[in-house]
Structure formats: C-alpha cells, structure tokens
Amino acid sequence: MKNIRIYTAPKYKSDLYEEVEPNIYKTYVVPDNSRCLSLKSIKDEEKIKILNSLNGWKVNDDEFGEKFYVIVYEDKKYYKEIDDEQYIYVNANNNQPILSYCTSIMFEQEPEYGENETSNSYVSQYPLEDILDEFNCELLDFYEDENTLDSLNSYIEFASSDIDDIKNVLSIVGKHVYNKEDGDYVKLIIE
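Just so you know, these numbers come straight off a predicted model, no measurement behind them. (Residues numbered from 1 in each chain as written. Predicted model: local features only at pLDDT ≥ 70, side-chain atom pairs only at ≥ 80, totals over all residues. Heavy atoms only, no water.)

A.B. asks: How should the packing of aromatic side chains be read in this particular structure?
C.D. replies: Pairs of aromatic rings are described using the distance from one ring centre to the other and the angle between the two planes. As enumerated under the stated definition, the model contains six aromatic pairs in all. Centre to centre, the rings of Tyr-7 and Tyr-143 are 5.3 Å apart; their planes meet at 85 degrees, and the pair counts as edge-to-face. Taken together, the residues span a long stretch of sequence, with Tyr-7 in the loop between β1 (2–6) and β2 (18–21) and Tyr-143 in the loop between β10 (138–141) and α3 (144–149) at a distance of 136 residues. The burial state of Tyr-7 is the same as that of Tyr-143; both residues are buried. Considering the side-chain rings of Tyr-12 and Tyr-25, the 3.9 Å spacing of their centres and the 15 degrees angle between planes classify their relative orientation as stacked. You can see Tyr-12 sitting in the loop between β1 and β2 and its partner Tyr-25 sitting in strand β3 (residues 24–29), a full 13 residues away along the chain. Given a relative accessible area of 6%, Tyr-25 falls into the buried group. Through a chain of ring-to-ring contacts, three or more aromatic side chains come together here, namely Tyr-7, Tyr-143 and Tyr-155. (Phe/Tyr/Trp six-rings, centres within 6.5 Å; stacked < 30°, edge-to-face > 60°. Helix = DSSP H or I, 4+ residues; strand = E, 2+ residues; numbered from the N terminus. Buried < 20%, exposed > 50% of the residue type's maximum accessible area, 1.4 Å probe, protein only.)

Quick look at the structure:
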C-alpha cells in the first residue's frame, strides 16, 4: 500500500455521521448477527423451565462452526451446548445499534508486494488483515463503487468501538505499508 491518503466519503455528510475529530466520524452500526454470536446465560429460572420443556430443540452445526441445540421461542433463538445442557443461552447481540468510530483511506495497491493490480477492484487481503490486527480495527465499508470506477486507487473504511484505535490506524496515512518475509514469518512493515 502506497500513497495512503484520507478519503472523505460523501456518506460522511449525512445525518448518520458526526465528525468528532478531524477525519474521525461517529456513527451507529446495527450488528449483523448472522456473523456474530455472543452468548449470554439465561438467569430467569421460570424461563429456563419453559425452554427446557419445549419439544423441537435441534442440533444446529452450520452457524459459527460450533454445534448447539437450538430452538426459537417468542422470536428469539436459544442455545444449549451439546455436552452440557444445563445452561441455556441467548445471543446477547440483539440488533441494537452499536457506537462505532470510523475513518476512510484511499491508496494504491502494489503488485510487487503481492497485492492486487491497481486496476483490480478488489482490495488485497494482505497487508490489510495485518493492519486490522495491528490496530484492532475492522472494515466497515469496501466502497464497491469507488473501487470499481477508480482504476488506480483503492478505498476502505476502518471502524472500531474505541476512538483511540481509529486515531492509531490513521498513523499509516502518508506511509508505505507492506508485508515482508522474515524467515518463517511475515512482518508488517510501516515506513
């Protein structure tokens, strides 16, 4: 990744975003529970009795890579572990909006460092994955339109619930970021 610059996305002018610091925006994101499972134990003994008395618990091993007994009751999905049916859980991620801080950058990909050609509309997985790990961020937007229309630059949006993570990831602006093999390992280089 070279020629890393701030990208002020047009969406940042909408009422859904508030600039809280230069190039850092606050927004609320509704989690995609199809990709995120955060189980919370049910404490209500009466609810546990009702749930345990229900027929229809099924083994579901296709979500999140784990096997659970699963049942839907009153529009909520409940879980029991296969090997420990004593406790019943509900997904704590309940589609409530979560405060998120975000910023966007644009940059040129570098095929000589294993990244995609600049004309490719897909952003290379690396060094992006290593940047996300290094700065404890996630990707909120891949800017599909911008990446398709611009044959030189790539566009991405970083997000985190901690504003300091976003401040830190902005430290790559103006830098050269790439992966370099070092023996059996690959190191993230920021210079």
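The structure having been displayed, the exposition proceeds.
A.B. asks: Where do I start with the nonpolar core in this structure?
C.D. replies: Soluble globular proteins: nonpolar side chains tend toward being buried together. Of all hydrophobic cores here, the largest spans 20 residues; its most connected members are Ile-105, Ile-131, Phe-158 and Ile-172. Looking at this core, the elements that each hand over two or more residues are β9 (98–108), α2 (128–135), β11 (154–160) and α4 (163–169). For this core, the leading source of residues is α2, giving four residues. (Core = buried A, V, L, I, M, F, W, Y, C linked by side-chain atoms within 4.5 Å.)

A.B. asks: Would you explain unusual backbone geometry in this entry?
C.D. replies: Peptide bonds are mostly trans, and most non-glycine residues show a negative phi. Following Tyr-126, the chain continues to Pro-127 via a peptide bond in cis, the omega torsion being 15 degrees. Here Pro-127 is to be found in the loop between β9 and α2. Within the chain, Asn-3 stands out as a residue other than glycine whose phi angle is a positive 55 degrees. With respect to the element layout, Asn-3 can be found in strand β1. The partly exposed category is assigned to Asn-3, whose relative accessible area is 40%.

A.B. asks: In this structure, what is going on with the state of the cysteines? I would like to understand it.
C.D. replies: Cysteine pairs can be covalently joined through their sulfur atoms, and such a bond is termed a disulfide. This model, assessed by the stated rule, comprises zero disulfides. This cysteine, Cys-102, is not joined by any disulfide, and Cys-137 carries the nearest cysteine sulfur, 11 Å off. On the basis of relative accessible area, Cys-102 is assigned to the buried category, the value being 0%. (Disulfide = S-S within 2.5 Å.)

A.B. asks: Sorry, what's going on with α2 here?
C.D. replies: Residue pairs three or four apart in sequence face the same way in an α-helix, which turns once every 3.6 residues. Among the residues of α2, those classed as buried are Leu-128, Ile-131, Leu-132 and Phe-135. Each buried residue of α2 lies within a common arc of 100 degrees when the element is viewed along its axis, so the set occupies one face. Turned more than 90 degrees away from the buried face of α2, the exposed residues are Asp-133 and Glu-134. Elements that come into contact with the buried residues of α2 comprise β10, β11, α4, β12 (177–182) and β13 (185–190). In the segment just after α2, Asn-136 is the residue with positive phi, at about 55 degrees. (Arc of directions from axis to C-beta. Contact = heavy atoms within 4.5 Å.)

From the geometry alone we can't say anything about function, so treat these as descriptive.
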